[in-house]
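Here's the letter readout for the chains.
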Amino acid sequence: MKKKGGQFLSGHQRSWVWGRNPVLEIIRMGTWPVRECYFSDTLSSNEYPDLSEKLQTWGIIPAYVSADRLKTLCGTTEHQGMLLRMGPFPYARWEEVHPNTVQSPLYLVLDRIQDAHNFGAIIRSAASLGASAVIVGESRQAPVNSQVVRASAGAVMHLPLVQVSDCLQQARQMKEQGISLIATALNAEKAVWECSFKRPVGLILGNEAEGVDRALLELCDESCKIPQSSGIDSLNVAAAAAAILYESWRQKNIDTRV
């Protein structure tokens, strides 16, 4: 991955986003800079008048090309007749998302999540279940690309994504700001429902193979696990994220008193 001015620039696969729904969402939201736009020559130039108007504000005129040309550009036949070449993803800054007006914000800190589908699925769950932001590091972290956009069902455009140079340093700062840190760990003593999410929380999810980095784990106030039936080693990190996010949502939205 090449880097310029602190932002990741995309290589061949990383610079393109394709598929009708992701392309329409990106153009209509207007927050992620578009550098080039290609539509299938089977589409009418009048089919999406609002898109053309939006693109013109960026000085971009869509090119109408053949399906073969679209495939050559993005390397897949799954483009659905729409393709964008993107600029750097507009990551938010920590100072923009915290302090948060939500009484008990939940921030997800992703420690080296490398699978794009996992990354996108986590963002989708986070947006659906009330997380305030997702925080990622620069090193060994999947970038926002077409797979992430598609797996998130467009949630990357609706939930702040914060990129930091060092997750450990970020976690220390969050702790100093009164945010409790909870890590996920297979050998944790507490079940997830024994942790309180009715307070500002930074939930740390670890790398698919290695889990949460030891230094991060030691910094946390507590760790939790999702009790599971025997015979299965662990949940996929995206599935684990969804389960914990739901528990956080449940605690904040359902009166559990008997």
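Here's the deal with the pairing of strand β8 (residues 133-137)
Piece 1. Burial within β8 is extensive, with five of its five residues counted as buried.
Piece 2. Burial along β8 is two-sided: Ala133, Ile135 and Gly137 facing one way and Val134 and Val136 facing the other are all buried.
Piece 3. In the classification by handedness, the crossover that spans strand β7 (residues 106-110), the intervening helix α5 (residues 116-128) and the parallel β8 is right-handed.
Piece 4. Assessed by its sense of winding, the connection that carries the chain from β8 through helix α6 (residues 146-151) to strand β9 (residues 161-164) is right-handed.

Thoughts on the environment of proline 90
Piece 1. Among the structural elements, proline 90 can be located in the loop between β6 (82-86) and α4 (94-97).
Piece 2. Residue classification places proline 90 among the partly exposed residues on the basis of a relative accessible area of 33%.
Piece 3. For the pair proline 90 and serine 104, spaced 14 residues apart in sequence, the C-alpha to C-alpha distance is 25 Å.

Structural notes on the confidence of the model for the protein chain
Piece 1. When pLDDT is averaged across the protein chain, the result is 88; 91% of the residues are at 70 or more.
Piece 2. For the stretch residues 1-13, pLDDT sits under 50, and the model shows 25 contacts to residues farther than four places along the chain or on other chains.

Section: the pattern of salt bridges
Close approach of charged atoms lets side chains of opposite charge pair.
Piece 1. One pass over the full model with this rule turns up ten salt bridges.
Piece 2. With a shortest N-O distance of 2.6 Å, arginine 112 and glutamate 210 are connected by a salt bridge. With arginine 112 in the loop between β7 and α5 and glutamate 210 in the loop between β12 (201-205) and α8 (214-219), this pair connects stretches of sequence that are 98 residues apart.
Piece 3. Judged by its relative accessible area of 13%, arginine 112 falls in the buried class.
Piece 4. Close ionic contact of glutamate 210 with arginine 140 constitutes a salt bridge, the shortest N to O distance being 3.4 Å.

Notes on the sheet that holds strand β10 (residues 180-184)
By way of backbone hydrogen bonds, the strands of a sheet pair with one another, either parallel or antiparallel.
Piece 1. Across the sheet, which stays open at both edges, the seven strands sit in the order β9-β8-β7-β12-β10-β13-β11 with parallel pairing between neighbours. Each having just a single partner strand, β9 and β11 (190-191) make up the two edges of the open sheet.
Piece 2. The pairing of β10 with strand β13 (residues 222-225) spans three bridges and is classified as parallel. Of the residues in β13, the one forming a bridge with isoleucine 182 is glutamate 222.
Piece 3. α5 contacts β7, β8, β9 and β12 of the sheet and is inclined by roughly 175 degrees relative to β7.
Piece 4. Helix-sheet contacts for helix α9 (residues 237-253) involve β7, β10, β12 and β13, and the interaxial angle to β7 is about 165 degrees.

Re the pairing of strand β4 (residues 34-40)
Piece 1. Of all seven residues in β4, five are buried; the element is thus mostly enclosed.
Piece 2. As paired strands, β4 and β6 are joined by five bridges and run antiparallel to one another. What sits directly across from tyrosine 38, in β6, is leucine 83.
Piece 3. Note: β4 against strand β5 (residues 63-65), three bridges, orientation parallel. Across the sheet, the residue bridging to phenylalanine 39 is tyrosine 64, located in β5.

Description of the packing of aromatic side chains
Piece 1. Under the criterion given, the structure shown has six aromatic pairs.
Piece 2. Ring plane angle 70 degrees and centroid distance 4.9 Å describe the contact between tryptophan 94 and tyrosine 107, whose orientation is recorded as edge-to-face. Within this pair, whereas tryptophan 94 is found in helix α4, its partner tyrosine 107 is found in strand β7, the two being separated by 13 residues in sequence.
Piece 3. Taking the relative accessible area as the measure of exposure, tryptophan 94 reaches 3% and is therefore buried.
Piece 4. The exposure class of tyrosine 107 is buried, given its relative accessible area of 0%.
Piece 5. Ring pairing ties together the aromatic residues Trp32, Phe89 and Tyr91, which thus form one cluster.

A closer look at helix α7 (residues 167-176)
Piece 1. Residues of α7 that are buried include every one of Cys167, Gln170, Ala171 and Met174, and no others. The buried residues of α7 occupy an angular sector of 100 degrees when the element is viewed end-on, so they sit on one face. Exposed side of α7, more than 90 degrees from the buried face: Gln169 and Glu176 are the residues found there.
Piece 2. Where α7 begins, one side-chain oxygen reaches toward the backbone nitrogen of leucine 168, 2.8 Å away; that side chain belongs to aspartate 166.
Piece 3. Directly beyond the C-terminal end of α7, a positive phi value near 85 degrees is found at glycine 178.

A look at the packing of α5 against α9
Piece 1. Two elements in contact, α5 and α9, have axes separated by 8 Å at closest approach and are oriented at 10 degrees. One way to sum up the angle between α5 and α9 is to call them roughly parallel. Together, Asn118, Ala121, Ile122, Ser125 and Ala126 of α5 and Val237, Ala238, Ala241, Ala242 and Leu245 of α9 make up the contact between the two elements.
Piece 2. Split into classes, the residues belonging to the contact of α5 with α9 amount to eight nonpolar, two polar and no charged.

Calculation notes
- Residues numbered from 1 in each chain as written.
- Predicted model: local features only at pLDDT ≥ 70, side-chain atom pairs only at ≥ 80, totals over all residues.
- Heavy atoms only, no water.
- Buried < 20%, exposed > 50% of the residue type's maximum accessible area, 1.4 Å probe, protein only.
- Helix = DSSP H or I, 4+ residues; strand = E, 2+ residues; numbered from the N terminus.
- Right-handed = clockwise from strand over helix to strand, strands pointing away.
- pLDDT = per-residue confidence, 0-100.
- Contact = heavy atoms within 4.5 Å.
- Salt bridge = Lys/Arg side-chain N within 4 Å of Asp/Glu carboxyl O.
- Pairing = 2+ DSSP bridges.
- Axes fitted to C-alpha atoms, helices over the stretch in contact; angles between N-to-C directions.
- Phe/Tyr/Trp six-rings, centres within 6.5 Å; stacked < 30°, edge-to-face > 60°.
- Arc of directions from axis to C-beta.
- Polar contact = N/O pair within 3.5 Å; in protein donor to acceptor, adjacent residues only side chain to side chain.
- Parallel < 35°, antiparallel > 145°, perpendicular 65-115°, else oblique.
- Nonpolar A, V, L, I, M, F, W, Y, C, P; charged D, E, K, R; others polar.

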